[in-house]
Structure formats: C-alpha cells, structure tokens
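A closer look at the structure
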Amino acid sequence: MNDNVFKKLKILSDAAKYDVSCVSSGVERKNNTVGGIGNASSAGICHTWAADGRCISLLKILLTNDCIYDCSYCLNRVTNPVERATFTPEEVAELTIQFYRRNYIEGLFLSSAVEKSPDNTMENIYRVLELLRYKYNFWGYVHVKVIPGASPEIIQKTGMLADRMSVNIELPTRESLRMLAPQKKIESIINPMSLINNEITRTIEDKSHFTSTPRFVPGGQSTQMIIGATPDSDKTILGLSQNLYERFNMKRVFFSAYVPVISSPNLPAISTMPPLLREHRLYQADWLMRFYYFHSDELFTEIEQNLDLEFDPKIMYALRNIDKFPIEINKASYEELLRIPGLGVTSARRIIRERKNAELSYDSLKKMKTVLKRAKYFITVKGRYYGNVKIEPEIIKRELKQQEIQKQLSIFDVL
Ligand code: SF4
C-alpha cells in the first residue's frame, strides 16, 4: 500500500467511526461463481467492537469526507476545517481485496460524505461494487450507504450488487433536520427507503416464479438515528422507528448516542456526556417492538415521554400496567407470557410446550430453568402468587432495587 493510500485510509476509517449501522446480520449467500472469492454468511461478518462498545467493521471506511453539506453535528461538514481525503473507487476495491486476502476482513462497510453532488458520490459507490463484483469476482458481504438525493436509477443498480443498504435518517423529526441538517430534506431520505423496500419485495416475488431473478439487497435495509443532539423524546424516536419497521420493512434501526465534538448554540455543550444509557434503553425498547409484540405507544404515558433510566422498559411497562398482572402461567397466551418481566422468547415457548403435558407448578418452572427472580412479582402459578410482597409498583420497585444491590455486592464477593 503506498503512503498516499495509507494516509487516506487513516483519515477515512477514523471519519467512519460515528456510523454504527454496520451489523451484517441476515445474509446467507454462497459464492457460486467459478473462481470467485468470498461468501456472505449470516454469522456477523466483518465487525468488531471499538473501545466505546460500538460495533465497527474491520474495513469500515468513508469513500470521502469532503462534504458539500453543512450538518451542524458532523465533523465532516463543509465549514469544519478538518483534513480531507477522497478514495478513488479503484483504491477502495483494491484495499478491500488486499485486506480480504490477508484475512483482515470478510467484507466492506462503505459510507461517504456528499462530494460534488449526491449522484456523483452514489455513482462512485456503485463503481466500487462493480469493481469488486466483476473485476475481482468478490462476492463477500458489502453494505453501502445510500446518499440522500441520489437518483433512483443509481440507487437501483447499486442495490443489485449490495448485500445491505442503509439510508441514515439521522434525526427523528422534520424540525430537527431543518435545524441541524438544513440541506437534507426528509423526502430525500424517505424516498430511497421506499424504493429499496419496493425493489426487495418485487424481486422476492419474481424469484418465486423465476429462480434466475437477481436478488436486490438480500440483507435488507437499515438506518441510523442520532440520539441526544436534539430535544426529541424517546416516544418520538421509537414512534418513528415503529413506522420505519412497518412501512419499509427495515431490518434494523440503529441508535447512536451523540458524542459532542462541535460547539454550536443548537447542540449540547461539548462537556455533555454521550447518552449511552439512554441509547441502551432505546435498544431494549426496540427489541420489545421487534420480538415481543409491543407497540411503541405502550412504553410511554402522557406525562412520561422518555424511557426510564433506572428500570428497563419491560419492567416499567408492567409497573405502569400493574392492573394487568399477575398473569397466570398456566393460562396465559404466548403474547401475554412475553409481557412478563424476566421471561424471554425461549422461556415463553418452553412454558407453552410443557404445560400441554401437565399443569405447571413453581418447582417445575424452576426445573425448566425459567428465571423467576423478576418474574415472580408478576405471575401466579396454579393460582398462587410467589412474590411475597404486595402487588404494588413502589413495593416491587424497592424489591427489584434490593436485588440489584445484592447482585452488585456478590460481584465484589467474587473479586
Ligand atoms: S451529509 Fe453526512 S458527511 Fe456531510 S455534513 Fe451531513 S452528516 Fe456530515
């Protein structure tokens, strides 16, 4: 690698670190080409974790950080005097192949600032894919960003070669976008999401009739939202996420705690800590929406529009809806079982399966390795309540806090 490319790599891999939407789940594709290299597998390709706990890919780079836009929260904005660099598509393709051959990586996560114009940048991203797929015969996992405002034709042809695409929504409301990223219009973000979703649906349908139909973005699409740069509430953020999952069949909505790096009257002060616990709670709530049949509205009240930082969203839901508890383990539906704090998908399925044979007792639940530490406050088994305290939110909260203290003390015991 020559010095010039190495210098660009340093700048453009560093500039990519704030993008968290690089998880590659969901693609299983064998390489069927003669002499081709690289398979895409669903087992978390080319990602690792940075010191702050974020998931990053081993070759996670920007094509360029030379941006014509001026988003207030971004280090690469045109008015910020940072060192600029731009790869040529040939350089990115060659780097990917060199790193792949040395076993450093299994795929590529390619994002970009907007250089010259959205179409120009998107065309260069397409060119990287074209070189990888047809010049180097590389069929490993590639996730690329869609540049808001790029024309549908370029997005469409890029999608024929990419495993996953993502259009970053960045901020949850039109007002927030107007304030911090005035050159980005909500339509330039939503329209490509819609196009990708329609194309995915169309190719899946066509494939059921014609097996030779080429696939379009087989790993689906994802997006990313910055958390804490604007005063938007968790209710707004999760409401939008729910909408994106439903309307565009989004695989994932990633949340990225805003790291204050820029001084601006429209942004939190530089000394503000990134809201990492808030980000964690949003991921927990997102999980409830995707796998536990929760609607985002159920996680909030008229007054409380943000997730609680002390207790997780499922416990808070149960405490606020205590009139729906305790739930009888021997009678509850699968969906009801999933609403019990402490019970997950595996436990709920096991309970449904085992109670077909015989009515379950508290002991049989324990034998089935059901974790009851939290669940006991929210269930009855054969009509009996095992929580040993009054079913009142404040009392249960106190018990749960006590459990947490004991857990922490036992960690120190081990040390
Ligand atoms: S378009 Fe992207 S790279 Fe450019 S300033 Fe906005 S967020 Fe930064």
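Nothing here was measured: the structure is a model prediction, and the numbers come from that model.

Comments concerning the environment of Tyr-258
- Examined against the element boundaries, Tyr-258 turns out to sit in the loop between strand 8 (252-257) and helix 8 (276-291).
- When the C-alpha atoms of Tyr-258 and Tyr-18 are compared, they prove to be 8.9 Å apart, with 240 residues separating the residues in sequence.

Examining the site of the ligand
- Around the ligand sit Cys-67, Tyr-69, Cys-71, Tyr-73, Cys-74, Arg-77, Ala-113, Val-114 and Lys-184, and those are all the residues in its vicinity.
- Of the residues assigned to the shell around the ligand, the class counts are seven nonpolar, no polar and two charged.

What about the packing of helix 7 (residues 234-248) against helix 8?
- Where helix 7 meets helix 8, the axes come as close as 11 Å, and the angle between the chain directions of the two elements is 40°. Relative to helix 8, the element helix 7 is oriented oblique. Pair helix 7 / helix 8 crosses with right-handed handedness. Of the residues in helix 8, those in contact with Asp-234, Ile-237, Leu-238, Ser-241, Gln-242 and Tyr-245 of helix 7 are Arg-278, Leu-282, Ala-285, Asp-286, Met-289 and Arg-290.

Focus on the pairing of strand 7 (residues 221-227)
- Taking burial as the measure, the seven residues of strand 7 include seven buried ones, the bulk of the element.
- Neither face of strand 7 is exposed, since Gln-221, Thr-223, Met-225 and Ile-227 on one face and Ser-222, Gln-224 and Ile-226 on the opposite face are all buried.
- Note: strand 6 (residues 164-166) against strand 7, two bridges, orientation parallel. Bridge pairing in strand 7 links Ser-166 to Ser-222.
- The β-α-β motif built from strand 7, the intervening helix 7 and the parallel element strand 8 has right-handed crossover chirality.

Procedures and definitions
- All chains use their own residue numbering, which begins from 1 and follows the written sequence.
- Residue-level local features of this predicted model are given only where pLDDT is at least 70; pairs of side-chain atoms are given and counted only at 80 or more, and the full residue set underlies all totals for whole chains, interfaces and linings.
- Based on all heavy atoms of the structure, the side-chain values leave hydrogens and waters out of the count.
- By the criteria applied, helices consist of DSSP H or I runs no shorter than four residues and strands consist of E runs no shorter than two, each listed in order from the N terminus.
- Near is defined per residue: the residue qualifies when any heavy atom it owns lies within 4 Å of the molecule or strand.
- We call Asp, Glu, Lys and Arg charged. Ala, Val, Leu, Ile, Met, Phe, Trp, Tyr, Cys and Pro are nonpolar, and the rest, Gly among them, are polar.
- All axes are obtained by fitting lines to C-alpha atoms, using only the stretch in contact for helices, and the reported angles, taken between N-to-C directions, cover 0 to 180 degrees.
- When an angle is under 35 degrees it counts as roughly parallel; over 145 it counts as roughly antiparallel; between 65 and 115 it counts as roughly perpendicular; any other value is oblique.
- It is the rotation of the near helix from the far one that decides the hand of a crossing: anticlockwise by less than a right angle makes it left-handed, clockwise makes it right-handed.
- Any two residues whose heavy atoms approach within 4.5 Å are treated as being in contact.
- Throughout this description, buried means an accessible area under 20% of the type-specific maximum (1.4 Å probe, protein chains only), exposed means over 50%, and partly exposed covers the range between.
- Two strands make a pair as long as DSSP finds a minimum of two bridges between them.
- Call a crossover right-handed when, viewed with both strands pointing away from you, the route from the first strand across the helix to the second goes clockwise.

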